[in-house]
Amino acid sequence: MADHHMTASYKERLARNRMGLWLFIISDAFVFIGLFVARVVLLPGQRPHLEQGLGLVVTTMLLVSSFFMNRAETELAHGNRAGFMRGTLITLVLGTIFLIGVVGIEWQIAPFGPADGAQGAIFYAMTGFHAFHVLTGVIFLAIVWNNGRKGHYSAEEHWAVEACAVYWHFIDVVWIFFYPALYLMGTPVL
Amino acid sequence: MNLLSLGLVHGLIAQIAGTIFGMALVMFFRVVAGLPAWEREPVFVGGAIVGAIAFMIGVGALNDWFKWARGEKTSDDISPDPDKPNWTRFFSVDYDHKVIGIQYGVTSVLLLGFGGIFAMLFRLELAEAGITILNSDIFELILGYSGPHLYNSLMSLHGIVMIASILLGVGAMSNYLVPMLIGANDMAFPRLNAFAFWINVPGAIILLSSLFLGGFDTGWVGYPPLSLRAPLGMQMFLLGVYIVGLSSISGAINVIVTVFRLRAPGMTMMRMPIFAWAALATAFIQLTATQLIGLSFQLTMLERLLGMGFFTPDVGGDPILYQHLFWFYSHPAVYVFILPGLGVISELLPVFTRKPLFGYRWVAYSSMGIALVGFFVWAHHMFSSGMSPYLRIPFMYATLLVAIPTGVKFFSWVGTLWRGKITTPTPMLFVLGSIVIFLMGGVTGPPLGTIATDLHLHDTWYVVGHFHDTMFGGYVFPFFAAIYYWFPKMTGRKYDERLGKLHFWLMFPAFMVMTLGQIFLGMLGMRRRVADYDPALGFDPTQLLITIAGFAIFISVIIALYNLIRSARKGEVAVGNVWNSRSPEWQIPNPAPLHNYAHPFHVVGQPYDYGLQDAPYVDMDPAGTPAHS
Amino acid sequence: MLHFVIVAVLVALSTFGLGSYFASGALLPEAASQQSLVIDWLFGVHGWLVAFFFSLIVVFLLYSVIVFRRRPGEQGDGAYITGNHQLEIIWTLIPLAIVLWLAVIGASTLADVERRDPNALVVDVYAAQWSWTFEYENGAITTDLVLPVNQQVLLRLHSNDVIHSFYVPQFRVKQDVLPGGPEFTRELRITPTQEGEFKIQCAELCGQLHYDMLADVMVVSEAEYLVWLDQAAGDCEGTDEQCGQRWANQFGCLACHSLDGSVILAPSWLGIAGSEEELTDGSTVLVDAEYLHRSIVDPNAQIVAGFQPNIMPQDFEERMTEEQIQQVIAFILSLGE
């Protein structure tokens, strides 16, 4: 049966996918808004006692990674495959460094554990929920990089790359709110 | 037909294996971290999470996404395998929105049955003062507990299982109806749609398992610190609800994109069948608010597992914070439950009055209005909670404002009935019943909205009565109306009209007795969620009456199920436009063909112009192509 | 037009009938506080509104279904009426006005309900799973709340475990009791106006025996109250066993430890002294004065097999004097074989 109206064009599907992705991001943002509210309620005027230098380093890593993510997508749109692959790989590496910095180092050296009062609860919950998103973003990047290596994306049709980039920028924006909330607002608890 | 080839069976086997594997995994990590391998709570929670993921892999809902991640091609053809009998489609991953809609519906009714059985058990307990049947040793033997704790667990589970059932019922209506009503052949994202349905199955299993893992005695609200002290069953409740919430969110994305992007040519927003508006408003609430019940439940789980101090004052937490996060979802959630039902009422009234829907535009906007206002009223559940006293006043204003868009709906329905040519087959009876019951829910609301009167009524049976009014009027009755109305479209056969009417005439008066009894007891000051009450208070006769009414409702639902199951197989064949409706889904054969519309129809008029000559809603064959091309 | 006249008459009749029933107060329990008078007035307003709007919709609905039903053999559709913007605006604005008015009187009644009397009598209320204790300013600690009539009482509500809620239906008000110390202490003001005995009920689900978390409140004359207060504050003058029984009652021990051998949530005290009990770790212990003392001040240290930890409050060492603890032990020992 010729169901030509059953399968939508790439352009139409792109429009649907974009709308779906943005709805997902709006939805997901509510989790972070909720965590932010919890932070303000439980630690008014205070902040967890954290290693400032490390915070600055990981934040820089994540911000710079967003720049490379943007480069990767733009290069692909202009038909520069090598540039796209390079940008994706750098983003992936920077994201991984961020994860190591937060979960691998900050979690270990923090002078409090998750069960140590409101600061422990807030710090580990906020960084934990965010790190989980970074982890999924890194996996997404790895998939895009691997499929890119196989030559799946073209300058015209690369929805997966675009989705990955939007998601990565979203994670970055969340951290732009979380970094000051954890490292800068208020006076240290300890 | 080999049962082992069904996706559902694969999924269940995978869930069992995954649960065991997950438990082993947690124990392994505990040993690595230098902890004793066995501790009940983390091991069970880990097992449940891995089990749920394993179910999704086993059932095959993730196959195409894995293929995509590996860079393999996926097929866009969603047609079923012609070698397999048709019924197997309902037990495996299928991408047709009609199949998914029916899968949602059947699962919803199953959960309705569980919730109903729980209710019947504790209704028997409440029928007279004194702890009676729940002290039976049978429960001790099967569940390991009995008495008041069992009452609390059954009452809590009744609440949450019914809510899950309603969410699935809403999913059933949205999925089955929205694409057909707006002239699409499927939802925007068929794979996400299948994912959203199937995730409910492990979610429901985990939720129900809480009964066997110590139960939980917090009510469905799960307020800490009580929820932090409850048995292991609490974790299964929190996790199960979280998983069902994932389904809500993914379903909502699908509905919104479908409504915005897949409408037939000529169908402007103001020409959509009104149910699509209701589904859209519902989806916006589900999309955003659900995340916060998810968050509050996750934080509770983490506090229980790791001792993180979110909600316990002794370790720096705040129990009121939980209530804010929880009600930010759970108040809008009741609009998720009722808006689709109100949409069904508005959709069916014109058909059975043979008149246009009175004030279409106002009805459409009132759905959006309710959804919007619904976000600013959550703290009215907390007037006596000890939250900031001054905050209560704005929440009182916002709460009372909900009456305005709700009132518009009632007036529009009355306007539609006025001077119609009214017939009352079963679906219409349920619609009329909905209006009366929902009205009772509506008028019992303002006394809960003004703070002074709420101080008396809060946490009494009055709230129970009010809530059951809104749920039966806003969901249960419209849901049955929708099932009866679209039954021929789903099965190609007619239901038994006499049994349908019997269902209504048993359920409606029984419900009235039940709810009036509840409201009456609440006004007198009977607290809700009590396993027992002082016989000196004289509540026994009313409680007995409520129990009898509850059983009558239970029986009426059994009659309905008998009717539907029997008619689906042996009912009279339903040909053509059974209800003489203007809506596009009735212009195609029964049951609806695989890809609903052979070619896209054009919308050329208003949806509800009954009584206007030569003003069709849709042109089913705009190009003049011969059928079956 | 005739249709509208008939409907209007029916709506008026129905409103009058239902409204006078609702507003009569027959549905509410006895009003026994100043606050309840204000609240019942607001209930009356609600009663009339409920009666009117319920009648309006139901009469229109039933009338339509009966009068505008399709008669046998009748063909065709109903009247072609798609809507009426003026009507829609009217039935948006009028309810809006009513609702705003309701919110205004809602706020003013709330102000009346929460009106403060600077000379209010202060009582500290301690809620625990599953008992109530009341502490008066003169140091009296009781398990029944005794209040003088026509004087405002300020209840300061404290919980040491989960959320409870203080509720007396005849007083019409309730307030949740939160755990967490001074920051979470909440207040409730009540001015009893009727002498008599009422029940305090926990209105927030608080676990297994929530339904049984009750206490008596007795409203008495000023003179009776003063006499009672003096007596209640006095030191216990009985034998150690008698005083121990009194403390066991006051501090809520008897909510879970029965005196007749039945098991509520904890071992019964009947015959426990001198017995050998098996503990959850498998070892056995002789129930003597030393064990009992440890079990009171550090209840989780040794749990008798078959019972759960974390049910008994762990702050008795702070809340009770050493003498009181010793008297409770004496009381328990007196229940031994």
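Before reading further, recall that the structure is shown in the block above.
Residues numbered from 1 in each chain as written. Chains lettered and ligands numbered in written order. Predicted model: local features only at pLDDT ≥ 70, side-chain atom pairs only at ≥ 80, totals over all residues. Heavy atoms only, no water.

Caption draft 1: Region of the structure containing the nonpolar core. One finds Leu35(A), Ile160(B), Trp132(C), Phe134(C), Leu145(C), Leu155(C) and Phe166(C) to be the most contacted residues of the largest nonpolar core, which totals 358 residues. The element contributing the most residues to this core is helix H12 (residues 319-353) of chain B, with 22 residues. Membership of the second largest hydrophobic core comes to 26 residues, among which are Ala248(C), Val285(C), Phe307(C) and Ile325(C). (Core = buried A, V, L, I, M, F, W, Y, C linked by side-chain atoms within 4.5 Å. Buried < 20%, exposed > 50% of the residue type's maximum accessible area, 1.4 Å probe, protein only. Helix = DSSP H or I, 4+ residues; strand = E, 2+ residues; numbered from the N terminus.)

Caption draft 2: Geometry of the pattern of salt bridges. Residues and elements named next belong to chain A. Counted by the stated rule, this structure contains 24 salt bridges over all chains. In this structure, arginine 71 and glutamate 75 form a salt bridge, with 2.9 Å as the shortest nitrogen-oxygen distance. Pair noted here: arginine 71 and glutamate 75 are both in helix H2 (residues 52-77), with a separation of four residues, about one helical turn. On the accessibility criterion, arginine 71 (34% relative accessible area) is partly exposed. Under the relative-accessibility criterion, glutamate 75 is labelled buried at 16%. (Salt bridge = Lys/Arg side-chain N within 4 Å of Asp/Glu carboxyl O.)

Caption draft 3: Inspection of the interface of chain B and chain C at higher detail. The interface of chain B with chain C comprises 87 residues on the first partner and 85 residues on the second. Summed over both sides, the interface of chain B with chain C buries roughly 7,500 Å², with 70% coming from carbon and sulfur. Broken down residue by residue, the surface that chain B buries against chain C is led by Phe411(B), Trp418(B) and Arg527(B), which jointly contribute 11%. One can count three salt bridges joining chain B with chain C. Lys421(B) is the salt-bridge partner of Glu74(C), the closest N and O atoms lying 3.4 Å from each other. (Contact = heavy atoms within 4.5 Å. Buried area = accessible area lost by both parts, 1.4 Å probe.)

Caption draft 4: Summary view of the interface of chain B and chain A. Each partner contributes to the interface: chain B provides 41 residues, whereas chain A provides 40 residues. In this assembly, chain B packs against chain A so that about 3,200 Å² is buried in total across both faces, 71% of it on carbon and sulfur atoms. Interface area lost by chain B to chain A is led by Trp68(B), Arg261(B) and Gln291(B), which between them contribute 16%. Linking chain B with chain A are one salt bridge. Put simply, Glu12(A) and Arg261(B) hold a salt bridge, and the shortest N to O gap is 3.1 Å. The interface formed by chain B and chain A holds eight residue pairs in polar contact (both at pLDDT 80 or more) in total. Of all elements in the fold, only helix H3 (63-69), helix H10 (233-261), helix H11 (274-306) and H12 of chain B reach the threshold of two or more residues within the side of chain B that touches chain A. (Polar contact = N/O pair within 3.5 Å; in protein donor to acceptor, adjacent residues only side chain to side chain.)

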